[in-house]
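Results of the structural survey
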Amino acid sequence: MTDPRPASSPEPAAAPVLAILLLALAAFASGVSLRVADPLLPHLAGEFGVPLGTASYVVTVFSIAYGLSQLVFGPLGDRYGKYRVVAWASLASALTSALCGLAPNLPTLLVARLLTGATAAAIIPLSMAWIGDVVPYATRQPVIARFLLGQILGLSAGVLLGGFAADHLGRHSPFLAIAATFLLVGGALLALDRRLPPQARQTTRASGPALQRTVAEFSAVLSTPWARTVLLTVFLEGAFLYGPFAFIASHLHHEFGLSLSSAGSLVMLFGLGGVLFAATSQLMVRRLGEAGMTAWGAGVLSLSLLLVAAGPRWWWAVPGCFLAGLGFYMLHNTLQTNATQMAPERRGAAVSAFASLFFIGQSVGVWVSSLLIAVTGTGVVIGLGALGVLAVGANFSRLRAQRVG
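The paragraphs below set out a description of the structure included in this document. (Residues numbered from 1 in each chain as written. Predicted model: local features only at pLDDT ≥ 70, side-chain atom pairs only at ≥ 80, totals over all residues. Heavy atoms only, no water.)

Some words on the nonpolar core
Membership of the largest hydrophobic core comes to 120 residues, with the highest contact counts inside it found for Val58, Phe147, Leu189 and Ile248. Excluding anything up to four places from it in sequence, leucine 189 contacts Leu22, Leu23, Ala26, Tyr83, Val86, Ala87 and Ser90. (Core = buried A, V, L, I, M, F, W, Y, C linked by side-chain atoms within 4.5 Å. Buried < 20%, exposed > 50% of the residue type's maximum accessible area, 1.4 Å probe, protein only. Contact = heavy atoms within 4.5 Å.)

A look at helix H14 (residues 269–310)
The end-to-end C-alpha distance of H14, which contains 42 residues, comes to just 18 Å, noticeably less than the 62 Å that a straight helix rising 1.5 Å per residue would cover. Approximately 105° is the largest bend angle found in H14, and it occurs at glycine 289. (Helix = DSSP H or I, 4+ residues; strand = E, 2+ residues; numbered from the N terminus. Expected span 1.5 Å × (residues − 1). Bend = angle between axes of the 7 residues up to and from the residue.)

Observations concerning the packing of helix H12 (residues 248–256) against helix H13 (residues 260–267)
With their axes 9 Å apart at the nearest point, H12 and H13 run at an angle of 130° to one another. Looking at the two axes, H12 sits oblique to H13. Handedness of the H12/H13 crossing: right-handed. Contacts from Ile248, Ala249, Leu252 and His253 in H12 reach Leu260, Ala263, Leu266 and Val267 in H13. (Axes fitted to C-alpha atoms, helices over the stretch in contact; angles between N-to-C directions. Parallel < 35°, antiparallel > 145°, perpendicular 65-115°, else oblique. Left-handed = near helix turned anticlockwise from the far one by under 90°.)

Side note on the environment of proline 39
Relative to the assigned elements, proline 39 resides in the loop between helix H1 (17–35) and helix H2 (41–48). Taking C-alpha positions, proline 39 is 9.8 Å from serine 259, a pair spaced 220 residues apart along the chain.

Here we look at the packing of aromatic side chains
Following the criterion strictly, the structure yields 12 aromatic pairs and no others. Between the aromatic rings of tryptophan 315 and tryptophan 316, the centroid separation amounts to 6.1 Å while the plane-to-plane angle is 40°, which identifies the pairing as tilted. Residue tryptophan 315 is classed as partly exposed on the basis of its relative accessible area, which comes to 48%. An angle of 20° between the planes, with centres 6.4 Å apart, marks the rings of phenylalanine 328 and phenylalanine 358 as stacked. Remark: phenylalanine 358 occurs in helix H16 (residues 347–376) and phenylalanine 328 occurs in helix H15 (residues 317–339); sequence separation between them is 30 residues. Judged by its relative accessible area of 2%, phenylalanine 328 is buried. (Phe/Tyr/Trp six-rings, centres within 6.5 Å; stacked < 30°, edge-to-face > 60°.)

See the structure below:
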């Protein structure tokens, strides 16, 4: 793997272990919040008397707010300190998640989910940008992979918690549990921020109107051709994967009669595949390189989605969901690592732009999938997503190989 860092750039100091652990816990809460609504969709549709596609708006509005809010948090992290902004965003997410738990009807729940997406938006991208500040590029991908264990486990726990709540607890309890988690982690992050070494609390001084500075930051990122390639790739990845992915639990529930908690447990295997990636990422990066990681990751991910979509029995989803997690993180972690080095001098804005387009892609994917499901059913939509991620990953692998060559 080549290191695109300019030769004159100083190497950052080693990252404090406790600091990364707390960021991983914040990413866990964010991951739970992101996916907890997926298995709740049939329950919400029945409770509020709306079609499944309408109920899916609780996923869509979260993703839209999450994506658009990156445009604010990236420059804020650069200006006031990435770690500190993550801490305050976690505390704000505790409040907005509690509002989700207390929402009495669907319109109120949609507003609360919109606010939660906005407040949780800072956590993962600014955490990765902060890691980019303190970890050298040559060793960064395995560190990011270990940090992402928090998000991986959170995504799995969110699906499991949502499915269990749909069958046994009702829709209020999972959001209140998420709020409590955000509150505890946010307090710990804020306390640790005061004890971080100076190089881990760096900020960027800027002058001029805030809007003008923000536009200048993102314009500078977009002026780089490779940054545009990475950003377009992650947008399409989000659309083709997470649009159909939001309906996997519903697919297993409707096609095979599985309870929502059982369907959620199967989807949780996605996270175990991600854990396998995190444990073996250093070896895989060394053996495959970035181009190989994206090519193999896209291939494994596409095959796994086809197993879920076309499987004649529910248990086909067991290897399907597990392999989906492995393939996704092989592809996405490579894109994330490239995002941390797209514009080192504007890393907060660069990684936030990356996350913004990823989640805008998700929201577009969920919206399009909800329209197609009414006509084609869930199996066809998941199958189309498989073909889409294969094309996206293969194209990026080709471009990455050309760049190295």
